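# Topology and contacts: notes
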Amino acid sequence: MKIGLGAVQFGLDYGIANAAGKVCETEVAAILTAAAGLKLKLIDTAALYGDSETVLGRTMAPSASFDIVTKTPQFAGAVLGTADAQQLEESLHASLLKLQRAAVYGLLIHRVDDLLLPGGEVLMERMVQLKARGLVSKIGVSVYTGQQIDAVLARFQIDLIQLPINVLDQRLLHSGHLRKLKQAGVEIHARSVFLQGLLLMAPSDLPAHFDDVREHLAAYHRFIARQGLTSLQAALGFVTGLEEIDHVVCGVNSSAQLQEICMADRYVAASGEHVGYDAFAISDEALVNPALWQQTKGK
């Protein structure tokens, strides 16, 4: 199974369609128990996700064998040096302490622009050292665009990358960057498969920011209904059906939601059908990159 568990909602109130807010620790424990029962392996978190790491450390069973991916802090300087490399290492040690783990599966540069700053090499050099010391198995970066991927691959050798892809945001598929990454031997983790829940919402419920694509999304929902697919099955099926994708990171608010996602994934996998979604791709980054959304939740 490609499904991995995103833990941002364990530490922050996150997502345009998330009316429930931050997940309480009792429910986090239930989600982790369900994840173990469903044979999920991957959990994605970050130092910048509020107290997500601390919550995970308190609620994970000591015997849990999850592969945990976490991320670096943000670096303030315009030019990076030894102090920044030390900050990165201290942040990883703090993450391990919070997670109550001796090591993690992956460590990603959270803001790719940090790595591309003058002196950014010191961050990757320190990550290589941390990997050699057995504190992390794979090192890499979280990205948004193909240009960032090109810049990283031109300067660094990475094991792991996290990137956005979904029915609306197919830029990295059509540009050939997914194929380029696999040819370089990079493990690919997909995020934003539901576009913060937007792909699961009725078009009439979307904020005004999406007025220009409301009919486009309505057409998409009519299309998947004709295929006999739910919005959840369609969104998952598009990404899990891409052979280049190794894991699909999904954030949830409850154990029931996780069960539903895994049921949808099994249904799509069992159907063996590959539906074409090219017509629904949107190139406008202001619409497919949540970091650029100006509207606040609920408007």
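Below, the structure is looked at part by part. (Residues numbered from 1 in each chain as written. Predicted model: local features only at pLDDT ≥ 70, side-chain atom pairs only at ≥ 80, totals over all residues. Heavy atoms only, no water.)

### Notes on the overall build of the protein chain
Assigned secondary structure in the protein chain consists of 12 helices and 8 strands. In terms of overall dimensions, the protein chain is globule-like: its C-alpha atoms have a radius of gyration of 19 Å, near the 19 Å expected for 299 residues. In terms of overall dimensions, the protein chain has a C-alpha envelope of 55 × 40 × 40 Å along the principal axes. Out of the 299 residues belonging to the protein chain, those deemed buried represent 53%. When contacts within the protein chain are restricted to residue pairs at least 6 apart in sequence, long-range pairs at least 24 apart make up 76% of them. Counting only carbon and sulfur atoms, one obtains 52% of the accessible surface of the protein chain, whose full area is about 12900 Å². In the protein chain, 25 positive and 31 negative side-chain charges are present, and the distance between their average locations comes to 3 Å. (Helix = DSSP H or I, 4+ residues; strand = E, 2+ residues; numbered from the N terminus. Rg over C-alpha atoms; globule rule 2.2 N^0.38 Å. Buried < 20%, exposed > 50% of the residue type's maximum accessible area, 1.4 Å probe, protein only. Contact = heavy atoms within 4.5 Å. Areas by Shrake-Rupley, 256 points an atom, 1.4 Å probe, with all protein chains shown as cover. Lys, Arg positive; Asp, Glu negative; His and termini not counted. Charge placed at Lys NZ, Arg CZ, Asp CG, Glu CD.)

### Considering the nonpolar core
Of all hydrophobic cores here, the largest spans 88 residues; its most connected members are Ile-161, Leu-163 and Tyr-277. Here the element with the most residues in this core is helix H10 (residues 231–240); it accounts for 6 residues. In this structure Ile-161 touches Val-141, Val-143, Ile-149, Leu-181, Val-186, Glu-187, Ile-188 and His-189, once residues within four positions along its chain are discounted. Listed in part, the 6 residues of the second largest apolar core include Val-69, Tyr-105, Leu-160 and Val-249. (Core = buried A, V, L, I, M, F, W, Y, C linked by side-chain atoms within 4.5 Å.)

### A short note on the packing of aromatic side chains
Counted by the stated rule, this structure contains 6 aromatic pairs. Relative to Trp-293, the ring of Phe-210 has its centre 5.0 Å away and its plane inclined at 90 degrees; by these criteria the two rings are edge-to-face. On the criterion of sequence distance, the pair formed by Phe-210 in the loop between strand S7 (187–191) and helix H9 (214–226) and Trp-293 in the segment after helix H12 (285–288) is long-range, its members being 83 residues apart. Each residue in the set Tyr-220, Phe-223, Phe-238, Tyr-277 and Phe-280 is aromatic and connected to the rest through ring pairs, giving one cluster. Here Arg-191 stacks its cationic end above the ring of Tyr-144, 4.7 Å away from the centre of that ring. (Phe/Tyr/Trp six-rings, centres within 6.5 Å; stacked < 30°, edge-to-face > 60°. Lys NZ or Arg CZ within 6 Å of the ring centre and 35° of its normal.)

### Some details on unusual backbone geometry
Among all residues except glycine, the phi angle is most often negative; among peptide bonds, the trans geometry is most common. The backbone of Lys-39 shows a phi angle near 70 degrees, a positive value even though the residue is not glycine. On the secondary structure map, Lys-39 appears in the loop between helix H1 (25–37) and strand S2 (42–44). Among the residues examined, Lys-39 registers a relative accessible area of 68% and is labelled exposed. Of note in the backbone geometry, Leu-195 takes a positive phi value of approximately 50 degrees without being a glycine.

### Quick look at helix H3 (residues 82–99)
Every α-helical turn comprises 3.6 residues, leaving residues that sit three or four positions apart pointing alike. Between its first and last C-alpha atoms H3 spans 26 Å; for 18 residues at 1.5 Å apiece the expected length is 26 Å, and the two agree. Listed in full, the buried residues belonging to H3 are Asp-84, Ala-85, Leu-88, Glu-89, Ser-91, Leu-92, Ser-95, Leu-96 and Leu-99. On an axial view of H3, the arc spanned by its buried residues comes to 155 degrees, and they lie on one face. Away from its buried face by more than 90 degrees, H3 exposes Thr-82, Ala-83 and Leu-97. Lining the buried residues of H3 we find helix H2 (52–59), strand S3 (67–71), strand S4 (104–109) and helix H5 (121–132). One or two positions beyond H3, positive phi appears at Gln-100, with a value near 60 degrees. (Expected span 1.5 Å × (residues − 1). Arc of directions from axis to C-beta.)

### Some remarks on H9
Compared with an ideal rise of 1.5 Å per residue, which puts 13 residues at 18 Å, H9 spans 19 Å between its outermost C-alpha atoms and is within 8% of the ideal. Among the residues trailing H9, Gly-228 stands out with phi positive, at a value near 75 degrees.

### Some points on the pattern of salt bridges
Tallying each qualifying case throughout the model produces 14 salt bridges. Where Asp-51 meets Lys-22, a salt bridge forms, and the shortest distance between an N and an O atom there is 2.8 Å. Residue Asp-51 is found in the loop between S2 and H2, and its partner Lys-22 is found in the loop between strand S1 (3–6) and H1; the two are separated by 29 residues along the sequence. According to the relative accessible area criterion, Asp-51 is partly exposed, its value standing at 27%. Lys-22 sits in the partly exposed class, given a relative accessible area of 41%. With a closest N to O distance of 2.3 Å, Arg-58 and Glu-25 form a salt bridge. Placement of the pair is Arg-58 in helix H2 and Glu-25 in helix H1, with a sequence separation of 33 residues. One salt-bridge network, held together by shared partners, links Glu-89, Arg-126 and Arg-133. (Salt bridge = Lys/Arg side-chain N within 4 Å of Asp/Glu carboxyl O.)

### Side note on the packing of H1 against H2
Close contact between H1 and H2 brings their axes to 10 Å; oriented N to C, the two are set at 65 degrees. For the pair H1 and H2, the sense of crossing is right-handed. For the pair H1 and H2, the contacting residues are Glu-25, Val-28, Ala-29 and Leu-32 in the first and Val-55, Leu-56, Arg-58 and Thr-59 in the second. The class makeup of the residues in the contact of H1 with H2 is 5 nonpolar, 1 polar and 2 charged. (Axes fitted to C-alpha atoms, helices over the stretch in contact; angles between N-to-C directions. Left-handed = near helix turned anticlockwise from the far one by under 90°. Nonpolar A, V, L, I, M, F, W, Y, C, P; charged D, E, K, R; others polar.)

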